[in-house]
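# Observations on the three-dimensional arrangement
Spelled out, the chains give:
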Amino acid sequence: MIVDLRIYTCLPNRVAEFVELYEKMGWPLQQKHLGNCVGWYTTIEGSLNTIVHMWGYEDQADRERRRAAMAADPGWGAYLAEVAKRGILIKMENRIVKPAPFFAALKR
């Protein structure tokens, strides 16, 4: 298993707006195409105005296949256009991570 760890930074005081838009337009599509949401969080301490979400995949090929299907969905394009139009996000990062051996062994 791999996890796509995504970190988005919003303009100050715009997190609630992003979460509302995402819940309405993005979440249903990501559930449909990506499916395995490992976690979805907003920060309360540390780097504020930050959203962290994680998506689990069997491997990189699974990730690429699922993300390509989502990218081809017209609804996803409409969502991205709305996010861009509102100018909410100032930074998007992602990392592909895998479980440490001791953690993976505990999950078997």
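Conventions we followed
- Residues numbered from 1 in each chain as written.
- Predicted model: local features only at pLDDT ≥ 70, side-chain atom pairs only at ≥ 80, totals over all residues.
- Heavy atoms only, no water.
- UniProt positions renumbered as here; feature names shortened; annotations may be inferred.
- Buried < 20%, exposed > 50% of the residue type's maximum accessible area, 1.4 Å probe, protein only.
- Helix = DSSP H or I, 4+ residues; strand = E, 2+ residues; numbered from the N terminus.
- Pairing = 2+ DSSP bridges.
- Phe/Tyr/Trp six-rings, centres within 6.5 Å; stacked < 30°, edge-to-face > 60°.
- Expected span 1.5 Å × (residues − 1).
- Contact = heavy atoms within 4.5 Å.

The name recorded for the protein chain in an unreviewed UniProt entry is NIPSNAP family protein, from Neoroseomonas eburnea. Annotation of the protein chain in UniProt includes, under Sequence similarities (unreviewed entry), the sentence "Belongs to the NipSnap family."

### Considerations on the pairing of strand E1 (residues 2-10)
Burial analysis of E1 places nine of its nine residues in the buried class, which makes it a mostly covered element. Going residue by residue along E1, you find Ile-2, Asp-4, Arg-6, Tyr-8 and Cys-10 tucked away on one face and Val-3, Leu-5, Ile-7 and Thr-9 tucked away on the opposite face as well. Bridge analysis of E1 against strand E3 (residues 50-57) gives eight bridges, and the strand direction is antiparallel. Bridge pairing links Tyr-8 to Ile-51 in E3.

### Concerning the packing of aromatic side chains
Taken as a whole and judged by the stated rule, the model has seven aromatic pairs. Between Trp-76 and Tyr-79, the ring centres sit 5.0 Å apart and the planes meet at 40 degrees, which makes this aromatic pair tilted. With Trp-76 and Tyr-79 both in helix H3 (residues 74-86) and three residues apart, this pair spans about one turn of that helix. The burial state of Trp-76 is the same as that of Tyr-79; both residues are buried.

### Observations regarding unusual backbone geometry
Its identity is not glycine, yet Asn-13 carries a phi of approximately 65 degrees, on the positive side. Inspection of the secondary structure puts Asn-13 in the loop between E1 and helix H1 (15-33). On the basis of relative accessibility, which here comes to 77%, the residue Asn-13 falls in the exposed class. Notably, Asn-49 is not glycine yet its phi reads approximately 60 degrees, a positive angle.

### Remarks on H3
Side chains three or four residues apart in an α-helix point the same way, a direct result of the helix having 3.6 residues per turn. For H3, built from 13 residues, the straight-helix expectation of 18 Å at 1.5 Å per residue is met to within 8% by its first-to-last C-alpha distance of 19 Å. In this structure, the buried residues of H3 make contact with H1, helix H2 (60-72) and strand E4 (89-97).

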